[in-house]
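Report on the structure
Chain by chain, the residues:
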Number of protein chains: 2
Amino acid sequence: VGNDDAIRETVERYLTTFTAGDRDGWLALFADDATLEDPVGSDPHRGREAIAGFWDASRQATGNITLRMVQGPNVTAAQCAFAMEAHAQIGDATMIVPTIDVMTFDADARITSQRAFWNPADVRPA
Amino acid sequence: VGNDDAIRETVERYLTTFTAGDRDGWLALFADDATLEDPVGSDPHRGREAIAGFWDASRQATGNITLRMVQGPNVTAAQCAFAMEAHAQIGDATMIVPTIDVMTFDADARITSQRAFWNPADVRPA
């Protein structure tokens with residue numbers, strides 16, 4: 001159970017930095033060799049530089065994105081899952097993307113892998 | 001995207017059969033060599049017989065258990081995740097266990113693996 005609270009803190013900061021557009025603060029939450037697979041089934045981005053590229057592409061595709069926690073994080077065995085809604089501003093519209101993130105962590109509660117479960121068919125207007 | 005709907009149907013039946021106490025109906029949703037890791041971090045149960053043993057142990061530990069969907073299933077690449085609440089009757093009390101299940105499926109939309117993210121620290125009375 002050692003660093004469950006540190007993991008919860010990382011997830012909290014994951015949502016707040018992403019929502020605030022704090023690129024550096026968000027990237028600092030990942031281990032150097034972390035992987036990010038978003039959506040699950042796509043080729044994972046490996047390493048912080050590739051993950052930074054994912055951030056930049058996401059921000060070009062949409063305006064502000066607000067992440068709202070729905071359930072969790074459910075932390076167990078240095079891993080966790082949490083359900084959230086991504087509220088993405090696209091032009092004048094806001095679209096809600098129901099998303100579940102699954103993460104693993106190192107001993108310093110940095111993210112070693114992130115996998116995001118979401119499906120375009122579930123996206124709906126706010 | 002082929003069998004996304006079949007996977008959603010399997011998840012729906014997973015919740016309804018589990019809630020109804022329909023042991024055989026629930027077990028039929030798994031592939032023969034499926035694994036079940038509940039909670040994540042524990043030794044996985046391998047094969048339908050071992051998974052039946054998990055069912056029996058769960059039912060001995062508690063009375064009725066009602067599974068209520070919170071978000072999902074978010075289906076992608078023949079995998080899915082969903083957030084639910086397990087409402088477990090223990091004596092006169094009902095305890096709520098916030099849980100996120102992550103599953104993989106075969107071509108027939110049978111469950112090939114289940115991993116359940118929950119933490120005793122998050123359990124609360126109803």
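Residues numbered from 1 in each chain as written. Chains lettered and ligands numbered in written order. Predicted model: local features only at pLDDT ≥ 70, side-chain atom pairs only at ≥ 80, totals over all residues. Heavy atoms only, no water.

**Thoughts on the relation of the copies chain B and chain A**
- After a rotation of 180° and a shift along the axis of 0.0 Å, chain B superposes on chain A with an RMSD of 0.0 Å. A rotation of that kind, with that shift, is consistent with a two-fold axis. Relative to the rotation axis, the closest C-alpha in chain B is found at B:Ala83, a distance of 3.2 Å.
- Here 100% of the contact residues of chain B are again contact residues in chain A; the copies associate through an equivalent surface. (Least-squares fit on C-alpha atoms with pLDDT ≥ 70 in both. Contact = heavy atoms within 4.5 Å.)

**Some details on the environment of B:Asp22**
All names here are of chain B.
- You can see Asp22 is positioned in the loop between α1 (4–20) and α2 (23–27).
- The exposure class assigned to Asp22 is partly exposed, which follows from its relative accessible area of 33%.
- Once you skip the residues sitting within four places of it in the chain, Asp22 turns out to touch Thr17 and Trp55. (Helix = DSSP H or I, 4+ residues; strand = E, 2+ residues; numbered from the N terminus. Buried < 20%, exposed > 50% of the residue type's maximum accessible area, 1.4 Å probe, protein only.)

**Quick look at the side chain of B:Asp4**
- By the element assignment, B:Asp4 lies in helix α1.
- No salt bridge is formed by the buried B:Asp4, whose closest oppositely charged neighbour, B:Arg8, lies at an N-O distance of 4.1 Å.
- Engagement of the side chain of B:Asp4 in a polar contact is seen with the side chain of A:Asn119, the distance being 3.1 Å.
- Discounting residues that sit within four places of it in the chain, B:Asp4 has contacts with A:Asn119 and B:Val75. (Lys, Arg positive; Asp, Glu negative; His and termini not counted. Salt bridge = Lys/Arg side-chain N within 4 Å of Asp/Glu carboxyl O. Polar contact = N/O pair within 3.5 Å; in protein donor to acceptor, adjacent residues only side chain to side chain.)

**Some remarks on the pattern of salt bridges**
Residues and elements named next belong to chain A.
- In the structure shown here, the tally under the stated rule is 14 salt bridges over all chains.
- A salt bridge links Asp5 to Arg8; the nearest nitrogen and oxygen atoms lie 2.8 Å apart. Of this pair, Asp5 and Arg8 both sit in helix α1 (residues 4–20), three residues apart, which is roughly one turn of the helix.
- Take Arg8: its relative accessible area is 21%, and that puts it in the partly exposed class.

Limitation: the analysis is restricted to geometry and does not speak to function.
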